[in-house]
Structure formats: C-alpha cells, structure tokens
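Structural characterization, general
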Amino acid sequence: MPRIEVFAPAKVNLVLHVTGRRADGYHLLDSLVAFAPFGDHLTLDQAAVMSLRLTGDEAADIPAGPENLVLRAAACMPGGTGGVAITLDKRLPPASGIGGGSSDAAATLRGLALLRGVPLPPDGGLMLGADVPMCLNPRPAQISGIGEDITPVSLPPLPAILVNPRVQVATPAVFGALRRRDNPVMGAVPVFASVRACIDWLARQRNDLQDPACVLAPQITGVLVALTALPGCRLARMSGSGATCFGLFDTLAQAETGYATIRAAYPAWWAACGLLGDQGAASAPRFA
C-alpha cells in the first residue's frame, strides 16, 4: 500500500501590516512571509477508515477530533472522508504565530492530492483559514487581502532563531486589542543584494500585532529583549499574532551561537535555528 510523507514547515511573518477591516470583520493584511527548514511531519497511509494519530514533543495540547485542521483538510478533498490513516508528528508549538496548524492542513492537501491523484482545492484551502493558501506552496511571498492574494518574491536565505516562551496567545484577542486598523501598507518588496540589505529593509517595516500581543502576554517582551541582546542579532520581531519571535543575523554561524545561548539560558523555552526562505522543494509530498 502506498505511503506518502509530507513536510509542513513553520511559516514566519517577517512583516505584518494591518491595513484595514472588511465589513464582515476580516482584517486586511500586507505581509511578507518566509518558511523555515523545521516544522511538523505527516505520514499518510491508505486505510479502511480515516484516522489521525498524534506523535511528537508538541502533541499534548493538539486535539485529535474533527476540529483538527488536518482532518478538516482531508474532508474537503475529493474522496472526502475516504480511508486514509494520517500520522502527525507535531514539532511546532501550537497557537504560536508560525502557522503550525495551517501548514499541517496545507501538507495534508498536498499529500492527499498525490495519494488519491486528485486536484487541490480551487480556493487553495482558504475555507480552512487565511494562512492555509500561503502554506500550500511554502515559498517567500507577499500576502495581501485576508490571505488570498499571494505574490511570490525573492529573498536571500535569512539566518534566524525562532523562540517561543511557551505562552499561547489567542489571535482574536490580539486583533481586538489593536488601537488602529488602517495602518500604512508595506509596499512592493525590492530585490535585495545581500542578507544585510534585506534585514535593513525589514527593520523599517512592522508587525502591527506585536504591541497588543506584548500587552496581553508580557513574556513576549522578554523574548524580544533576550534576542536583541545576542551578539550579531540585527533584528528581533514577533511572528504573526505571537507568541513566537525571531531574531535575524548576518550569518548562520552567528545564529547558531545565539541559539546555543538561548537554549542554555532559557531551557523551558521552545527554540529552533536555521535559514528562513524557500521550502517548496522540501515540502513536496513523496512516496516513502
């Protein structure tokens, strides 16, 4: 029986501008996303009935019932709830602003398309959440609208540390704490001659959700302070609605040294290190 393996990389909002709000309550965004070389892993096996098994260090707080985005994604594919046994090896902390659930859903769509020989949903998975379409093809992109407008961009590989203080922040609460919802747009993303030029440009942008998230979860401020204090850290910022933050460096060696420092000083925090950028090839489903 065929088995499909799929990588679901972490999504990082390098920039996140909130530029408006629609009449239906959805917020309009102008965001720049890149993807990490670490994330969750899914295995899909043909089976008599559909099932979901959770493994991994971060699986404890993940529901295994029909509310899980993996099962919801499987149900919306041609073949519906036909037999497939899915194992989700959960390595990204839940509700952490790096698209773990959305990336898992997107990986499920990619995997089932190969397993069943069927097309992907025409809406790119938007029905499952605004982050799913951008995770369906995990390459650097500028995201606008509510997440459905995706423009590929070119970014240099960015040496980074990701850190989460083991605090879950509710996205609706963060948006609810926004003082302004009509902030300036990011504008077109230029072509960068170097990592340093890219980080310099990113430093002039924002995450409009960072300040309200820090009010709701002061631990985020502590993470940003710890990242900023690392030698060589050029930019520290929160991803998405939090609480995961990232630090960017000129070289991977600097990032790896900073990662070791964070792990030693804050062993209770979740942390990872690598080059942010294009994970499209790595996330392509394959037969095991």
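Residues numbered from 1 in each chain as written. Predicted model: local features only at pLDDT ≥ 70, side-chain atom pairs only at ≥ 80, totals over all residues. Heavy atoms only, no water.

**Here's the deal with the layout of surface pockets**
In this approach a probe as big as a water molecule rolls over the atoms, and the regions it shows empty are the leftover space. Computed from the structure, the largest pocket encloses a volume of approximately 1,200 Å³. Of all the secondary-structure elements, those providing two or more residues to the lining of the largest pocket are β1 (3-21), β2 (27-46), α1 (69-75), α2 (100-116) and α4 (171-176). In terms of residue count, the dominant contributor to the lining of the largest pocket is α2 (four residues). Partitioned by chemical class, the residues of the lining of the largest pocket number 23 nonpolar, 16 polar and seven charged. Here the second largest pocket is characterised by a volume of approximately 190 Å³. What lines the second largest pocket is simply A177, L178, R179, R180, N183, N207, D208, Q210, D211, P212 and V215. Among the residues making up the lining of the second largest pocket, the classes are represented as four nonpolar, three polar and four charged. (1 Å grid on protein atoms, 1.4 Å probe; cavity = no way out; pocket = protein on both sides within 12 Å on 5 of 7 lines; lining within 4 Å. Points joined across faces, edges and corners; volume = space filled by probe spheres on them. Helix = DSSP H or I, 4+ residues; strand = E, 2+ residues; numbered from the N terminus. Nonpolar A, V, L, I, M, F, W, Y, C, P; charged D, E, K, R; others polar.)

**Digging into α2**
Side chains three or four residues apart in an α-helix point the same way, a direct result of the helix having 3.6 residues per turn. A rise of 1.5 Å per residue sets the reference length of α2, with its 17 residues, at 24 Å; its end C-alpha atoms lie 24 Å apart and thus fit the reference within 8%. Following α2 by one or two positions, G117 has its phi on the positive side, about 65°. (Expected span 1.5 Å × (residues − 1).)

**Concerning the nonpolar core**
Counting 32 residues, the largest nonpolar core has L42, L44, I86, L109, L112 and L128 as its most contacted members. Not counting the four nearest positions on each side in its chain, I86 is found in contact with L42, T43, L44, S51, L52, R53, V70, A74 and T108. By size, the runner-up hydrophobic cluster in this structure holds 30 residues, among which are I161, A217, A226 and C233. (Core = buried A, V, L, I, M, F, W, Y, C linked by side-chain atoms within 4.5 Å. Buried < 20%, exposed > 50% of the residue type's maximum accessible area, 1.4 Å probe, protein only. Contact = heavy atoms within 4.5 Å.)

**Side note on the side chain of Q205**
Looking at the element boundaries, Q205 is found in the loop between α5 (195-203) and α6 (210-216). Of the residues examined, Q205 reaches a relative accessible area of 13% and is grouped as buried. At 3.4 Å, the side chain of Q205 forms a polar contact with the backbone oxygen of W201. If we skip the residues at most four places from it in the chain, Q205 touches V15, H17, M186 and R237. (Polar contact = N/O pair within 3.5 Å; in protein donor to acceptor, adjacent residues only side chain to side chain.)

**Overview of the state of the cysteines**
The tally for this structure, following the rule as stated, stands at zero disulfides. There is no disulfide at C135, and the cysteine sulfur nearest it, in C76, is 14 Å away. In this model C273 remains outside any disulfide bridge; the closest cysteine sulfur is found in C233, 11 Å from its own. C273 gets classed as partly exposed once you look at its relative accessible area, which sits at 22%. (Disulfide = S-S within 2.5 Å.)

**Focus on the sheet that holds strand β7 (residues 158-164)**
Paired through their backbone hydrogen bonds, the strands of a sheet run either parallel or antiparallel. Spatially, the four strands line up as an open sheet ordered β8-β9-β7-β10, and their pairing is antiparallel. Every interior strand has two partners, whereas the edge strands, β8 (233-238) and β10 (270-276), have only one. Across this sheet, the average inter-strand angle for adjacent strands is 20°, counted without regard to direction. Sitting on the sheet, helix α7 (residues 219-228) is in contact with β7, β8 and β9 (245-249), with an inclination near 170° to β8. (Pairing = 2+ DSSP bridges. Axes fitted to C-alpha atoms, helices over the stretch in contact; angles between N-to-C directions.)

**What to know about unusual backbone geometry**
The general pattern is negative phi for most residues beyond glycine and trans for most peptide bonds. Of note, the amide linkage connecting G242 to A243 takes the cis form, showing an omega dihedral of 10°. Relative to the helices and strands, A243 is located in the loop between β8 and β9. Of note, the phi angle at A95 is positive, near 50°, even though the residue is not glycine. Note that A95 resides in the loop between β4 (84-89) and α2. With a relative accessible area of 43%, A95 lands in the partly exposed category. For R166, which is not glycine, the phi dihedral falls at a positive 65°. Looking at the element boundaries, R166 is found in the loop between β7 and α4.

**A closer look at the pattern of salt bridges**
With the rule as written, the count across this model stands at 14 salt bridges. With a shortest N-O distance of 2.7 Å, E58 and R166 are connected by a salt bridge. Within this pair, whereas E58 is found in the loop between β3 (51-55) and α1, its partner R166 is found in the loop between β7 and α4, the two being separated by 108 residues in sequence. You can call E58 buried: its relative accessible area is 8%. (Salt bridge = Lys/Arg side-chain N within 4 Å of Asp/Glu carboxyl O.)

**Concerning the pairing of strand β5 (residues 141-145)**
For β5, the buried fraction is high: four of the five residues fall into the buried class. Two strands pair when backbone bridges link them, and β2 and β5 are joined in this way by five bridges, in the antiparallel orientation. From the neighbouring strand, L29 faces β5, where its bridge partner is G145. Between the end of β5 and the start of strand β6 (residues 149-152), which pair antiparallel, lie three residues, with G147 showing a positive phi angle near 130°.

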